[in-house]
Amino acid sequence: DTAVSQTPKYLVTQMGNDKSIKCEQNLGHDTMYWYKQDSKKFLKIMFSYNNKELIINETVPNRFSPKSPDKAHLNLHINSLELGDSAVYFCASSQEVSGLLQYFGPGTRLTVT
Amino acid sequence: KQEVTQIPAALSVPEGENLVLNCSFTDSAIYNLQWFRQDPGKGLTSLLLIQSSQREQTSGRLNASLDKSSGRSTLYIAASQPGDSATYLCAVRRGSARQLTFGSGTQLTVLP
């Protein structure tokens with residue numbers, strides 16, 4: 001039973017294209033996140049949604065737009081992809097009332113050529 | 001701005017050895033600290049969560065300690081096994097913020 005799932009696992013695309021990465025959690029958590037892991041393995045927060053509302057928006061180009069259709073989903077849409085967008089993108093979720101543990105998805109490796 | 005540093009960046013030990021991974025953070029006003037394990041090409045697995053009011057947490061062969069005043073945490077792995085080989089990441093959550101600030105990780109190799 002997958003707790004936090006992401007699709008696709010791998011995404012190879014050309015510069016200038018628009019792509020989406022989907023994330024779903026079946027843990028009943030109220031907060032979801034997108035992190036980016038660069039080539040140096042640093043994980044950095046991009047966005048966070050709580051109950052479908054944006055609560056964190058770090059300095060991310062506006063080509064990146066998160067969309068949360070419901071509490072269990074947080075999708076990441078990227079417009080006009082650039083070479084520098086190549087990275088591994090991780091989705092995570094947590095329940096703010098209890099635990100505070102963040103559970104991570106398996107990651108999506110995006111390669112822009 | 002919170003910065004998290006992990007030393008060493010890489011560590012190689014023979015099987016059976018006890019080892020310590022270090023994590024330091026610049027802002028001691030943290031809410032909690034979490035240790036993760038990342039296997040190549042895979043996601044992060046949460047190992048231990050220490051609340052700011054706690055000094056340590058234990059899970060099996062793992063023991064994590066937290067010294068908030070000095071901005072340090074250690075992850076102790078007892079009787080290491082080849083299956084422990086992975087990258088270990090520590091991450092801190094600042095006060096009211098929800099997001100985690102990660103260190104760059106320690107890549108551990110346990111040799112059989």
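Summarised in this report is the structure supplied together with it. Keep in mind the model is a prediction, meaning the values are calculated, not measured.

## Brief notes about the interface of chain A and chain B
Interface size, as often reported, equals the accessible area lost upon joining of the parts.
Part 1 of the argument: Facing 22 residues of chain A, the contacting portion of chain B comprises 20 residues.
Part 2 of the argument: For the pairing of chain A and chain B, the buried interface totals around 1,700 Å² over both sides, and the portion due to carbon and sulfur atoms is 56%.
Part 3 of the argument: The tally of links from chain A across to chain B stands at 0 salt bridges.
Part 4 of the argument: Viewed at the interface, chain B and chain A are joined by 4 residue pairs in polar contact (both at pLDDT 80 or more).
Part 5 of the argument: Of all the elements in the fold, those that place two or more residues in the side of chain A that touches chain B are β4 (31-37), β5 (43-50) and β6 (53-57) of chain A.

## What about the environment of Phe102 of chain B?
Part 1 of the argument: Relative to the helices and strands, Phe102 of chain B is located in strand β10 (residues 100-102).
Part 2 of the argument: Judged by its relative accessible area of 3%, Phe102 of chain B is buried.
Part 3 of the argument: Between the C-alpha atom of Phe102 of chain B and that of Gln34 of chain B, which follows or precedes it by 68 residues, the distance is 9.3 Å.
Part 4 of the argument: The contact partners of Phe102 of chain B, leaving out residues within four places of it in the chain, are Tyr35, Phe42, Leu43 and Phe104 of chain A together with Val4, Phe36, Leu44, Leu89, Cys90 and Ala91 of chain B.

## Things to note about the state of the cysteines
Part 1 of the argument: One pass over the full model with this rule turns up 2 disulfides over all chains.
Part 2 of the argument: A sulfur-sulfur distance of 1.8 Å marks the disulfide that ties Cys23 of chain A to Cys91 of chain A. Between Cys23 of chain A and Cys91 of chain A, the S-S torsion sits near -75°, and that sign places the bridge as left-handed. With Cys23 of chain A in strand β3 (residues 19-25) and Cys91 of chain A in strand β9 (residues 87-94), the pair connects residues that are 68 residues apart, well separated along the chain. In this structure, Cys23 of chain A and Cys91 of chain A share a single accessibility class: buried.
Part 3 of the argument: Here Cys23 of chain B engages in a disulfide with Cys90 of chain B; their sulfurs sit 1.9 Å apart. Judged by the sign of its S-S torsion, about 65°, the bond between Cys23 of chain B and Cys90 of chain B is right-handed. In this pair, Cys23 of chain B sits in strand β3 (residues 19-25) while Cys90 of chain B sits in strand β9 (residues 86-94), placing the two residues 67 residues apart along the sequence.

Rules used in this analysis
Residues numbered from 1 in each chain as written. Chains lettered and ligands numbered in written order. Predicted model: local features only at pLDDT ≥ 70, side-chain atom pairs only at ≥ 80, totals over all residues. Heavy atoms only, no water. Contact = heavy atoms within 4.5 Å. Buried area = accessible area lost by both parts, 1.4 Å probe. Salt bridge = Lys/Arg side-chain N within 4 Å of Asp/Glu carboxyl O. Polar contact = N/O pair within 3.5 Å; in protein donor to acceptor, adjacent residues only side chain to side chain. Helix = DSSP H or I, 4+ residues; strand = E, 2+ residues; numbered from the N terminus. Buried < 20%, exposed > 50% of the residue type's maximum accessible area, 1.4 Å probe, protein only. Disulfide = S-S within 2.5 Å.

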